[in-house]
Amino acid sequence: MRKRDHNVLTNAASLLICGLLAGVVVAAAAFPAVAMSGLAAKAGAETFGALPKELTVARPPQISYLLASDGKTPLATMFDENRREVKLKDIAPVMRDAIIAAEDHDFYQHNGVDLNGVARAFVNNSSGTADRQGASTLTMQYVRLAIAYSATHPADVVAATEDTSARKLREMRYALQIDKELSKDEILQRYLNIAAFGNGAYGIFAASQVYFAKHPSKLTIEEAAMLAGLVKAPSAFNPTTRSGYPQAVARRDYVINNMYEIGKITKEQADKAKAVKLKVVGKRAPNGCVDTTTKSWGFFCDYFYRWWMAQETFGSTSYDRERRLKSGGFTIVTTMEPQVQNAADAAVRRNLPVTSKAARMVAVIEPGTGRVRALSVNRNYKLDDPDSPQNKPHSNPKQRKKGKRGNYPNTVNPLLSGGDGITGYQAGSTFKIFTIVAALEKGVPLSYTINAPQRFTSEYIIKRGSDAACEGTHFYCPENASPSMAGVHNMWSAFGRSVNTYFIPLQQQVGAENVVKAAKKLGINFRSQEDIDLEKGAHQWGAFSLGVSQTIPLELANAYATLAADGKYCEPIPVQEIRDPDGKKLDVANPRCEQRISTEVARAAVDAARCPVGDRSSTSKCAGATAGKVKQEVKAPVAGKSGTTDSEKTASLVAMTKQYAVAGIMADPDWPQTTQEMKHEEKTGINPPVYETLRDAMKGKERINFTPPGNKIREGDQRRIPDVKCVSVEQAKSRIQGAGFDAVVSSNKVPSDCPANTAAGTSPEGRTIKGGVVMIQVSSGQGATPPTGQPGNPPTNPGRPPGRPGG
């Protein structure tokens, strides 16, 4: 703090006189007779000398600003008090003059305590008049406010503002000390930044915005005079009320006259300023996530708020963290990308209004950083007014009978990010990617073949008699969505056509517990008690690969984003940069990443994931696509997977490029057992908002290809398949098994030059992975040579009926 020179004798005199008069001034306001007796003067002098000299000043609360990822677009503001500190040089000179004219004409002449003012107050208060004077200077007013803001206990706040001689003495003592330590301009700057101006505005920056929608450097004489007049009694002089408006005008004109009297403006300037009609053009600052600058951005804002409240960096308790956010004066650049967020907002609402029971939830994450670029759902982020509710009847019949309303169209529940009772939604076959990862980590290559039947009898034990059990047993028996999906498949074709009876045998081979571990490594968390209990016995979680556990769009997007980032997992984060009021950058905003799976495993998984969305690499062997329109719409290298649950209670789709991973889940958050069918490609389904969001996010972005995996993880240990043409089926089986393959006889006969019921050939033929499935094709004896197949490719069947989503 910069010290100013003071005359030693002047300061000593000030101390003595203040000590004598301080008690008298306040006592005279209530007990004139006592004050005149001299008792108060004696007490004042003794008390004054014993007061501490040092004032501990805490920084007053300041508003925090949330910006979009461009660092410019306002997202929201959060505050306990709407205040933003500003330098004196950035405040219009007329504002400085106005506050002095209104509150302390001799501010630049006295030493923090106006001795003439103290004397005047003594005389006035001793006269018995009803108009009491307190002789407070701007410096004393600043001290009073500073003490209140530095208080750590409510009683200290009361003591700082109560009308007592003790308070007055303390203010005088501190004011004298402050006046020695700070320059007059520094005191004036601090006062203008701490004073209350009414209508939720604290400090001159907020006041200029609230009343006149401008920076304080742009204030005019009449505007500055009106604001200066408010600090005396913000409620009484409130220009936004019918009763306060005329008083505000009168107070403004009083300040303008004073500005003229102390020589800060001319008579002509004063008359001109008073002639201007007072107009309030600003408004109260929005506060919190229910009042974001764009209404549909509330869900992202809510995710940010919950993230902040979980960070121990900002305090050891939730109270401390919230106070830090709402009073710390931070400038927070979030990860929300307006182009992407707006695209998602438009897509989820297109053809499905906010009044729909079905929620289309879309999350977008940037691979390699974990930055959350968008969170959107066809809902309004707001609390439903209980006195005038807009929400529709609850979709759950039991709740509806009780007269309860649902959480649509209005809700503040974290539908996309989980928490507060939101445990997630089943994502169906999107979870098959975790089986692929687990298998690849165990050394099983992409070309690994399995003969997938229509129904598979597994070794997993479930409840006898349940719909998923084999008839008359307690074994889990999954089926495919269509009989046409049966046959020999590798990972590419099985993932592309979503073959359940490929993935459950594969899961059984690598261990369900390892598939669960792979999911957790990629960021999937279990929130429901049922899932938590099943995880404890994960080796028997037979249906896990089919997406029966609950997840949220945010984590599903991040799991696939980890693969797009070559196995680098990054914790989802809603901030890019956080700076405190002094401009210091906080490290808590840095990405938090680590390599969770190997680069080769990640690239191989992505290679398989290109098949379901209609794309392929130079090395992939795709057959079928459950969401082929993704590639058509996005027009970039893409990967992903669709998913459906039993009775189509939910529908999911993940689609990604190297820059964005988009996950969408469609469900009824109020009633998971809904009877409504959640669709995929229909205009009200989940696929359009996912690929439309990705398409629009990629506008103007570079098309970056995924790196194909190496030969070893694709093909594994390749071995030659024996020639079995025209030998007996039993002999063919013997030769194939002897070469280290799993021999399977096809149930369908094919035209061949070989005799009927002998081996016509194999599928695949030539070479395949050691231990893989080799299907023996049986000749019908009709004389035509069967076409040559490609190694590892399944029968060329069109797959599930049109419109049937990937299971």
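Residues numbered from 1 in each chain as written. Predicted model: local features only at pLDDT ≥ 70, side-chain atom pairs only at ≥ 80, totals over all residues. Heavy atoms only, no water.

**Thoughts on the packing of helix α4 (residues 93–103) against helix α12 (residues 244–261)**
In a pair of packed helices, the angle between the axes and the distance between the axes together describe the arrangement. The interhelical angle for the contact between α4 and α12, taken along N-to-C directions, is 100 degrees, at an axis separation of 8 Å. One way to sum up the angle between α4 and α12 is to call them roughly perpendicular. Residues V94, D97, A98, A101, A102 and E103 of α4 lie in contact with α12, whose contacting residues are R251, V255, N258 and M259. (Axes fitted to C-alpha atoms, helices over the stretch in contact; angles between N-to-C directions. Helix = DSSP H or I, 4+ residues; strand = E, 2+ residues; numbered from the N terminus. Parallel < 35°, antiparallel > 145°, perpendicular 65-115°, else oblique. Contact = heavy atoms within 4.5 Å.)

**A look at the environment of F314**
In this structure, F314 sits in the loop between α14 (298–309) and α15 (318–327). For F314, a relative accessible area of 2% puts it in the buried group. Note: C-alpha distance between F314 and V588 (274 residues apart in sequence) is 9.4 Å. Ignoring anything within four residues of it in the chain, the contact list for F314 reads W307, W308, D320, R321, R324, I578, L586 and V588. (Buried < 20%, exposed > 50% of the residue type's maximum accessible area, 1.4 Å probe, protein only.)

**Here we look at the state of the cysteines**
Applying the stated criterion to the full structure yields 5 disulfides. Across a sulfur-sulfur distance of 1.9 Å, C726 and C754 are joined as a disulfide pair. Handedness of the C726-C754 disulfide follows from its S-S torsion of about -75 degrees: it is left-handed. In this pair, C726 is assigned in the loop between β20 (718–720) and α28 (729–738) and C754 in the loop between β21 (742–750) and β22 (759–763), connecting sequence segments 28 residues apart. Within the protein chain, bonded cysteines paired by disulfides and numbered along the sequence follow the pattern 1-2, 3-4, 5-6, 7-8, 9-10. (Disulfide = S-S within 2.5 Å.)

**A short note on unusual backbone geometry**
Cis peptide bonds are those with omega within 30 degrees of zero, and the linkage from Y408 to P409 qualifies with 5 degrees. Within the secondary structure layout, P409 lies in the loop between α17 (397–401) and β9 (410–411). Phi at S498 takes a positive value of approximately 55 degrees, unusual for a residue other than glycine. The topology assignment puts S498 in the loop between α19 (491–497) and α20 (500–510). Not every positive phi belongs to a glycine, and E648 is a case in point at roughly 55 degrees. Positionally, E648 belongs in the loop between β17 (639–644) and β18 (651–656).

**Focus: the packing of aromatic side chains**
Taken as a whole and judged by the stated rule, the model has 15 aromatic pairs. Ring pairing ties together the aromatic residues F304, W307, W308, F314 and F330, which thus form one cluster. The ring of Y569 carries R596 above its face, with NZ or CZ at 3.9 Å from the centroid. (Phe/Tyr/Trp six-rings, centres within 6.5 Å; stacked < 30°, edge-to-face > 60°. Lys NZ or Arg CZ within 6 Å of the ring centre and 35° of its normal.)

**Brief notes about the pattern of salt bridges**
Tallied over the full model, the rule gives 40 salt bridges. Among the salt bridges present, the one from K521 reaches E441, with a minimum N-O distance of 2.8 Å. With K521 in helix α21 (residues 512–521) and E441 in helix α18 (residues 432–441), this residue pair connects regions lying 80 residues apart in the sequence. Owing to a relative accessible area of 27%, K521 belongs among the partly exposed residues under this scheme. (Salt bridge = Lys/Arg side-chain N within 4 Å of Asp/Glu carboxyl O.)

**Quick look at empty space enclosed by the protein**
Evaluation of the coordinates by the stated rule reveals 3 cavities of 30 Å³ or more. One number sums up the size of the largest cavity: a volume of about 40 Å³. L563, A564, D566, R603, V606, K658, F706 and T707 are the residues that line the largest cavity. Elements with a minimum of two residues in the lining of the largest cavity: α23 (553–564) and α24 (599–609). Its residues assigned to classes, the lining of the largest cavity comprises 4 nonpolar, 1 polar and 3 charged. (1 Å grid on protein atoms, 1.4 Å probe; cavity = no way out; pocket = protein on both sides within 12 Å on 5 of 7 lines; lining within 4 Å. Points joined across faces, edges and corners; volume = space filled by probe spheres on them. Nonpolar A, V, L, I, M, F, W, Y, C, P; charged D, E, K, R; others polar.)

**Focus on the side chain of N193**
Note on placement: N193 falls in helix α9 (residues 184–194). Residue class for N193 comes out buried when judged on its relative accessible area of 5%. For N193, the contacting residues outside a window of four places in its chain are R83, R84, E85, V86, G203 and I204.

**Quick look at the packing of helix α11 (residues 221–230) against α12**
Relative orientation of the contacting elements α11 and α12 amounts to 110 degrees, with a least axis distance of 8 Å. Taken together, α11 and α12 sit at an angle that is classed as roughly perpendicular. You can see that α11 and α12 cross each other, and the crossing is right-handed. Between α11 and α12, the residues in contact are I221, E222, A225, M226, A228 and G229 and R251, R252, V255, I256 and M259, respectively. Looking at side-chain class alone, the contact of α11 with α12 contains 7 nonpolar, 1 polar and 3 charged residues. (Left-handed = near helix turned anticlockwise from the far one by under 90°.)

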